[in-house]
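Structural description and commentary
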Amino acid sequence: MRRSLRRQFFFLRAYAVLSSLVLVVLCTAAFTQSTQKFGHISVERLDVVDADGTLRMVISNKDRQHPGIIEGRTIDRPRPFAGMLFFNEAGDEVGGLTFTGREVNGQRRANAGLMFDQHRQDQTIGISYSESGGRRSAGLQVWDRAETGLGTLVDALNAANKLTGAERDKAIAAARAAAPPGPRRLFVGKNTDKAAIVSLADADGKPRLNITVDATGNPRIEFLDASGKVIAKLPQ
C-alpha cells in the first residue's frame, strides 16, 4: 500500500514538473513571436526599441510626446504636438514628422514638418508648412550645421530652465547666442506673399540669389549683396 502511494506521489510530482515546463515554453513562445495581428489599437504613445532596449522611434499624441535626446542628454522642454520621432543607434533623435492645427479667435494656425537631423545636430533638410493669420508658406529647406554637437547647448538650456522669470529668459538667450550657427542655405517653395521662390543663401544665411514668380505671375531673378540690397536683376 505504501509502495503504491509512493509511486502515485512520484508520478504526480513528475506530472506537475513536466506541466510547468510545458507552460513556461508555451508562454515564452507566445511572447517571443515576431508577428501578431491586431484588429484595432488605441494608444497614447508607442515606443519602438531595438533588442537591447535602445529607443528607435516614438509615435505619440501631443500630451506624451518625447522631448528629444541629443548626445545622450534629454532636453528639458514641453513638446505639445503629435507626430513621429526617429532615433539613431546611439539613442539620439534624428528627425521626425510633426503637425499641429487649430483655430484661435477665428484665425487658423497650423504647422507641419518632416525633418531629418544631422548627426548630433539639428535638422539639416526638411519639408514644412506653416499658416498663421491667413498667411501661409510651404517648401523644402536645407540648413548648414556645425561639426560640433548640441550636447553643450542642451546642458545650458536645461540649466536655464531651472531658473525663473527674467533670469531664465536671460540664460536661455545667452545659451542660444553661444551655440554654433545653423544658417538656412536653400528654400524652394511658396512664401507668405504667395510667390513661388527659389532662394539661395550664403554661409551666413543671407539670401544672395532669388528666382521668383510673384502672386500676379511676374517672373524675376535677383542678385543680392550681403546687406540684402539687389545689385542686379532680370528683367531690368
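As the structure is a computational prediction, the values presented were derived from the model and not from experiment.

What the protein contains, in helices and strands, is three helices and 14 strands. Counting the 236 residues in the protein, one finds 25% classified as buried. Relative to all contacts within the protein whose residues are 6 or more apart in sequence, the contacts with residues 24 or more apart total 28%. Summed over its atoms, the accessible surface of the protein is roughly 16300 Å², and 58% of this surface lies on carbon and sulfur atoms.

Regular strands place side chains that alternate from one sheet face to the opposite one. Of the pairings in the sheet, the one linking strand E5 (residues 82–87) to strand E6 (residues 93–104) comprises six bridges and is antiparallel in character. Its bridge partner lying in E6, Gly-83 is registered against Thr-98. Taken together, E5 and the strand that follows it, E6, pair antiparallel across an intervening segment of five residues, in which Gly-91 is found at a positive phi of about 90 degrees.

The next point concerns a nonpolar patch on the surface. Judged by side-chain polarity, Phe-38, Ile-41, Val-43, Leu-46, Val-48 and Ile-59 come together as a nonpolar surface patch covering roughly 530 Å² of accessible area. Positionally, Ile-59 belongs in strand E2 (residues 55–60).

Note that Glu-131 resides in strand E8 (residues 123–132). Leaving out residues up to four positions away in the same chain, Glu-131 has contacts with Arg-108, Arg-109, Ala-110 and Arg-136.

The rules we used
- Residues numbered from 1 in each chain as written.
- Predicted model: local features only at pLDDT ≥ 70, side-chain atom pairs only at ≥ 80, totals over all residues.
- Heavy atoms only, no water.
- Helix = DSSP H or I, 4+ residues; strand = E, 2+ residues; numbered from the N terminus.
- Buried < 20%, exposed > 50% of the residue type's maximum accessible area, 1.4 Å probe, protein only.
- Contact = heavy atoms within 4.5 Å.
- Areas by Shrake-Rupley, 256 points an atom, 1.4 Å probe, with all protein chains shown as cover.
- Pairing = 2+ DSSP bridges.
- Patch = residues over 30% accessible without salt bridge, like charges linked within 9 Å, V, L, I, M, F, W, Y side chains within 5 Å.
- Salt bridge = Lys/Arg side-chain N within 4 Å of Asp/Glu carboxyl O.

These figures come from the coordinates and say nothing about function on their own.
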